[in-house]
Amino acid sequence: MAEKLKVKFLTAIWGARYIEEFASISLPSYLADGNLRYVASRCDLEVLILTSTDSRDKFEGLPAYEKLKQQCSVRFIFIDDLITVGNYGVTLTLAYARGIADSGDEQTSTNFVFMNSDFVLADGSLKTLVHKLEKGDRCVMAASLRARAEATVPVLAELVDRENHVLTMQPRSMVQLTFNNLHATVLAKTITQDFVTCETHNQIYWQVDKTTMLGRYHLIFMLAIKPEVPIGPIDSYCDYGFVPSLCPSGKFSIIDDSDDFFMLELQPSAQEKNFLRCGTSTPREIASELSIWTTREHRRFAEIDVVFRSGELPASLAEVRAKAASQIGEIQRLMRNEPANHAEHFYWASGVQAWGTIKFAGESPVYPPELARFEDGAKSRWRGVVRSRQQLFAPWRAQLLRSYVLGLGWARRASGTIPNVAIWSHLWTDSRLLLNWIRANVEISRQQNLLLCDERSPLPISLRNFAPFDARIGLQDLLSNFGDQSQDSTVEPGEIFEGLSDGRYDNLLVHISRGELLKLKKVLELSKRYLKPSATILVFIEHRDSEADSSNFSLELAQYADDLLPADWVGSRVACSFAGGRFKRYLRQTERMLFRYLWPSTIWRLPQLLLAVMAWPIVAGLSALNNIRMKNDLSNCPAYCSSALLSLVSIKSASRES
């Protein structure tokens, strides 16, 4: 009898809300007969859950998790030192690397299967994967197709077997559900329509008929890898570097028919909408964009068709295949420069710099072992250099590139993190809203302060430099329980408030985004029991990426007034300060435009890079002047508000202070 394949199934997930969503939709789909159950019957299977220490207990008692433990061995690997605000791709890459390294000397005899927590699998998908692994494929790639989570999740939830906690959905049915709810970024990357396009074409799609689409993927998911060599220090994102680093032979296969394997990717409707614009993109524009970042592997992946279908293959598919091959061939020919090297790709260097800026917030960095190479580079080498002669610049210009990347890293670090940002930062006036309140409250260092925010907020780390705050990260978990404001809610505070004492806090600061604003009243109602009667309530409302939104939040905010304030607001002094303005918006749009040219796609675009580099200090200087101009005018609401700080102070308390 042949020896069973050794398979480690890795998934990274943390936070109560995300764990519950994962266990209610994604995990039940993995438990289908043709997925993990089949893998467990044919292989020596262990599931590794990469999570935070405080998330470990949140899995216990979840029906799908209990079902998983009945099918195979399950183990947790903790990644607390890797988790930070934003930069999810860096955390995910390092977590996967830790999961691989956990196998030690058995890495090269183990098949590692990777699965993101927002993927939903059609039944039979992992059965196909096992067959490919049994044939000896060491590197198997698979495409996902994005669907709008808000529309898709309720449908999938209804299809979960409540008794067995399994989601069994055939590939064609799941493809049709996805087609009915395609994410806007898929539409924008579909080049057979001319309504909307996208700034990044990491995937490109063609319509075939109402039941079929064709895709070519420059960026595709590494579904399974059996390493040819053990993993070393990480120098690239997992979807850029795992394939060439772990399988230097360059051999890979792609599952190219959704009937064999289908992976639905759940994404919020608003995700990456700032990359969209009306119109079309020419092959030259697409080639120019892809030339900046694509590696040799990316370009090889894009040579293979992937078919998504909810019916039989149509006769017209051959014609579309030929058209796709011709268009991809043209795009490849228009990429004048050589592919970027995966090793220490500049996107990775930039991502790790941003990750470290937030993770350590001015403290001496202590890098995890997966970033040993990056830590050494902080002392003796430049960060993010691509050393091959296949790089954007010739080797004899390497020193110039080193200095350039170091300069970008310095600019990122120097800009700081809200509320402690440089005066030339576009977030400087937004930061003043918070800093003005902190500095005006001379007692704050001796008071009890509570911060409620989500995982994207930098405030739990950055605010500790100004005042002591008990940070509760999980606002999204709380908000996800709230329905329409018109409906009564019986939601309890839940784990976000676990361990807090009633009537303890002098100040409550809620950091909330524009999109969640209509649920604020519920948050304030639940929070009140933990506040002193004279407590001050502050709400920092942030319109993230406001410069990319054509709507005017200043007008919208006024319409929300009666929905935001608590029922007893009459007993409080209500005040609000604002940041934003047309000129700030224009400068930030200009700055974002300049960022597009910081990595030229060809040697011929170097003049554009030089112009962008020379123009950026001018924009930064104008931003600084505008910030100085606006710093004493924060009480007036400007056009295109980017953030606001709403405060409610008890009238009795305010009277005592005055």
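Note that the coordinates shown come from a computational prediction; the quantities given were computed from them, not determined experimentally.

Asks: So, the pattern of salt bridges: which residues are in play, and what are the values?
Replies: Enumeration according to the criterion identifies 35 salt bridges in this entry. Among the salt bridges present, the one from Glu46 reaches Lys8, with a minimum N-O distance of 2.4 Å. Pair noted here: Glu46 is in strand E2 (residues 43-51) and Lys8 is in strand E1 (residues 5-12), with a separation of 38 residues, a long-range link. Each member of the pair Glu46 and Lys8 is classed as buried. Asp33 serves as the salt-bridge partner of Arg37, at 3.2 Å between the closest nitrogen and oxygen. Look at Asp33 and you get exposed, because its relative accessible area is 54%. One salt-bridge network, in which partners are shared between bridges, spans Arg172, Asp257, Asp259, Arg309 and Glu312.

Asks: Break down the sheet that holds strand E18 (residues 449-453) for me, citing the residues and quoting the values.
Replies: Sheet architecture is open: six strands sit in the order E19-E18-E20-E21-E23-E22, paired in mixed fashion. The open sheet terminates on both sides in strands that have one partner only, identified here as strand E19 (470-473) and strand E22 (572-580). Between one strand and the next, the sheet's axes are offset by a mean angle of 15°, whatever the strand orientation. Relative to strand E23 (residues 641-650), E22 is paired through nine bridges, and the arrangement is antiparallel. Looking across to E23, one finds that Ala579 is bridged to Ser643. Packing against the sheet, helix H17 (residues 428-440) makes contact with strand E20 (505-513), strand E21 (531-542), E22 and E23, and its axis sits at approximately 15° to E23. Strands in contact with helix H20 (residues 520-527) are E18, E20 and E21; relative to E20, the strand with the most contacts, it is inclined by about 160°.

Asks: Provide a residue-level description of the nonpolar core, including the pertinent values.
Replies: The biggest cluster of nonpolar side chains holds 124 residues, and the ones touching the most others in it are Tyr96, Phe114, Met222, Leu223, Phe242 and Phe308. In this structure Met222 touches Tyr96, Phe114, Val140, Met141, Cys238, Asp239, Phe242 and Val243, once residues within four positions along its chain are discounted. Core analysis: the next-biggest nonpolar cluster, separate from the first, contains 33 residues, Leu500, Ile512, Tyr530 and Phe578 among them.

Asks: Describe the environment of Val140, naming the residues involved and giving the relevant values.
Replies: Mapped onto the secondary structure, Val140 falls in strand E6 (residues 139-142). Looking at Val140, the relative accessible area reads 0%, which means it is buried. Taking the C-alpha atoms as reference, Val140 lies 9.2 Å from Lys251; in sequence the two are 111 residues apart.

Asks: Account for the packing of aromatic side chains, with residues named and values stated.
Replies: Within the structure shown, the criterion is met by 18 aromatic pairs. Each ring, one from Phe497 and one from Tyr530, has its centre 4.9 Å from the other, and the planes form 20°; the classification is stacked. Of the two residues, Phe497 is situated in the loop between helix H19 (475-479) and E20 and Tyr530 in the loop between H20 and E21; the sequence distance between them amounts to 33 residues. Positioned above the aromatic ring of Tyr640 is the side chain of Arg585, whose terminal nitrogen or guanidinium carbon lies 4.2 Å from the ring centre.

Asks: Outline the sheet that holds strand E9 (residues 203-209), supporting the account with residue identities and numerical values.
Replies: Pairing is antiparallel across the open sheet formed by three strands, whose spatial order is E9-E10-E15. Two strands bound the open sheet, and with one partner strand each, they are E9 and strand E15 (306-309). With direction set aside, neighbouring strand axes in the sheet form an average angle of 25°. Bridge analysis of strand E10 (residues 212-217) against E15 gives four bridges, and the strand direction is antiparallel. Looking at the pairing, Leu214 lines up with Val307 of E15. Each of E9, E10 and E15 touches helix H13 (residues 317-334); the most contacted strand, E9, lies at about 155° to it.

Asks: How would you summarise the side chain of Lys132 if you had to cite specific residues and measurements?
Replies: Within the secondary structure, Lys132 sits in helix H6 (residues 125-134). In contact with Lys132, other than residues within four places in its own chain, are Asp137, Val140, Ser253 and Ile255.

Asks: Tell me about the confidence of the model for the protein chain, and name the residues and values.
Replies: Looking at the protein chain, pLDDT values average 86 and 88% of them are 70 or higher. Here residues 376-397 is a poorly scored stretch, pLDDT under 50, and it has 49 contacts once near neighbours within four places are set aside; other chains count.

Asks: Before we move on, can you summarise unusual backbone geometry with the specific residues and values?
Replies: Cis geometry is adopted by the peptide bond preceding Pro419, which originates at Ile418 and carries an omega value of 10°. By the element assignment, Pro419 lies in the loop between strand E16 (416-417) and strand E17 (420-421). Positive phi values are uncommon outside glycine, yet His165 reaches one of about 60°. Counting through the fold element by element, His165 comes out in the loop between helix H7 (149-159) and helix H8 (171-180). The class for His165 is partly exposed, based on a relative accessible area of 25%. Positioned with a positive phi, Tyr640 is a non-glycine residue whose angle comes to about 55°. If you trace the backbone, Tyr640 turns up in the loop between helix H24 (606-630) and E23.

Asks: Tell me about the packing of helix H23 (residues 582-595) against H24, and name the residues and values.
Replies: Running from amino to carboxyl end, H23 crosses H24 at an angle of 160°, the nearest separation of the two axes being 10 Å. Accordingly, the angle class assigned to the pair H23 and H24 is roughly antiparallel. Relative to H24, H23 is oriented so that their crossing is left-handed. Packed against H23, whose contacting residues are Phe583, Lys584, Leu587, Thr590, Glu591, Leu594 and Phe595, the element H24 presents Ala612, Ala615, Trp616, Val619, Leu622, Ser623, Asn626 and Arg629 at the interface. Of the residues that constitute the contact of H23 with H24, the class distribution is nine nonpolar, three polar and three charged.

Asks: Account for H13, with residues named and values stated.
Replies: Given a rise of 1.5 Å per residue, 18 residues ought to cover 26 Å, and the 26 Å separating the end C-alpha atoms of H13 matches this to within 8%. Within H13, burial applies to Leu317, Val320, Ala324, Ile328, Gly329 and Ile331. Close packing links the buried residues of H13 with E9, E10, helix H11 (283-293) and E15.

Asks: Explain the packing of helix H5 (residues 88-101) against helix H14 (residues 346-360) residue by residue, including any values.
Replies: Running from N to C, H5 and H14 point in directions that differ by 100°, and their axes come no closer than 9 Å. The pairing of H5 with H14 is recorded here as roughly perpendicular in orientation. Across the interface between the two elements, Val90, Thr91, Thr93 and Leu94 of H5 pack against Trp348, Gly351, Val352 and Trp355 of H14. Looking at the contact of H5 with H14 residue by residue, the classes come out as five nonpolar, three polar and no charged.

Parameters at a glance
- Residues numbered from 1 in each chain as written.
- Predicted model: local features only at pLDDT ≥ 70, side-chain atom pairs only at ≥ 80, totals over all residues.
- Heavy atoms only, no water.
- Salt bridge = Lys/Arg side-chain N within 4 Å of Asp/Glu carboxyl O.
- Helix = DSSP H or I, 4+ residues; strand = E, 2+ residues; numbered from the N terminus.
- Buried < 20%, exposed > 50% of the residue type's maximum accessible area, 1.4 Å probe, protein only.
- Pairing = 2+ DSSP bridges.
- Axes fitted to C-alpha atoms, helices over the stretch in contact; angles between N-to-C directions.
- Contact = heavy atoms within 4.5 Å.
- Core = buried A, V, L, I, M, F, W, Y, C linked by side-chain atoms within 4.5 Å.
- Phe/Tyr/Trp six-rings, centres within 6.5 Å; stacked < 30°, edge-to-face > 60°.
- Lys NZ or Arg CZ within 6 Å of the ring centre and 35° of its normal.
- pLDDT = per-residue confidence, 0-100.
- Parallel < 35°, antiparallel > 145°, perpendicular 65-115°, else oblique.
- Left-handed = near helix turned anticlockwise from the far one by under 90°.
- Nonpolar A, V, L, I, M, F, W, Y, C, P; charged D, E, K, R; others polar.
- Expected span 1.5 Å × (residues − 1).

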